[in-house]
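Per-entry structural report
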Amino acid sequence: MEPTTKEYTNGEVTIVWQAHKCIHSANCVKNNPAVFQPKEKPWIKADASSTEKIIETINKCPSGALTYYRNDEKSS
Ligand code: SF4
């Protein structure tokens, strides 16, 4: 099976989620339930909190399944 990578953006930051790396620790859900909603589709609501809070949450993901890039950095 191909690894699944999905991207979600709020216009400033892009959340990159690699499904095959996720160990379902739910750290993201606990830290930022407005954005990470596993029962919803899509499960990541990138618009639901500030960019800084999203980055802080991603930095707490223990598996590396969640990463991000700032949209203005990608083109440079
Ligand atoms: S914090 Fe990372 S490993 Fe844990 S559920 Fe969220 S994406 Fe998966």
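Identification of the protein as (4Fe-4S)-binding protein from Flavobacterium piscinae is taken from an unreviewed UniProt entry.

Cross-referencing UniProt, the feature "domain: Divergent 4Fe-4S mono-cluster" (unreviewed entry) maps to residues 8-70 in the present numbering. Helix makes up 21% of residues 8-70 and strand 21%, and the two end C-alpha atoms of the span are 12 Å apart.

Turning next to the packing of aromatic side chains. By the definition in use, this model includes two aromatic pairs. Each ring, one from Phe36 and one from Trp43, has its centre 5.7 Å from the other, and the planes form 55°; the classification is tilted. Exposure remark for Phe36: the relative accessible area of 1% places this residue in the buried category. A residue is classified by how much of its surface remains accessible, and Trp43, at 12% relative accessible area, is buried. Three or more aromatic residues joined by ring pairs form one cluster here, namely Trp17, Phe36 and Trp43.

Let's shift gears to the pattern of salt bridges. Taken as a whole and judged by the stated rule, the model has two salt bridges. The salt bridge partner of Glu52 is Arg70, with a shortest N-O separation of 3.0 Å. Of the two residues, Glu52 is situated in helix H2 (residues 51-58) and Arg70 in strand E3 (residues 66-70); the sequence distance between them amounts to 18 residues. Note on Glu52: relative accessible area 47%, which makes it partly exposed. In this structure, Lys60 and Glu56 form a salt bridge, with 3.8 Å as the shortest nitrogen-oxygen distance. You can call Lys60 partly exposed: its relative accessible area is 40%.

Before going further, it helps to spend a moment on the site of the ligand. In the neighbourhood of the ligand, the contacting residues comprise Trp17, Cys22, Ile23, His24, Ser25, Ala26, Asn27, Cys28, Cys61, Pro62, Ser63 and Leu66. A majority-of-atoms criterion places the ligand in the largest pocket. Split into classes, the residues belonging to the shell around the ligand amount to eight nonpolar, four polar and no charged.

Thresholds, definitions, all that
- Residues numbered from 1 in each chain as written.
- Predicted model: local features only at pLDDT ≥ 70, side-chain atom pairs only at ≥ 80, totals over all residues.
- Heavy atoms only, no water.
- UniProt positions renumbered as here; feature names shortened; annotations may be inferred.
- Helix = DSSP H or I, 4+ residues; strand = E, 2+ residues; numbered from the N terminus.
- Phe/Tyr/Trp six-rings, centres within 6.5 Å; stacked < 30°, edge-to-face > 60°.
- Buried < 20%, exposed > 50% of the residue type's maximum accessible area, 1.4 Å probe, protein only.
- Salt bridge = Lys/Arg side-chain N within 4 Å of Asp/Glu carboxyl O.
- Near = heavy atom within 4 Å.
- 1 Å grid on protein atoms, 1.4 Å probe; cavity = no way out; pocket = protein on both sides within 12 Å on 5 of 7 lines; lining within 4 Å.
- Sits in = over half its atoms within 2 Å of the grid points.
- Nonpolar A, V, L, I, M, F, W, Y, C, P; charged D, E, K, R; others polar.

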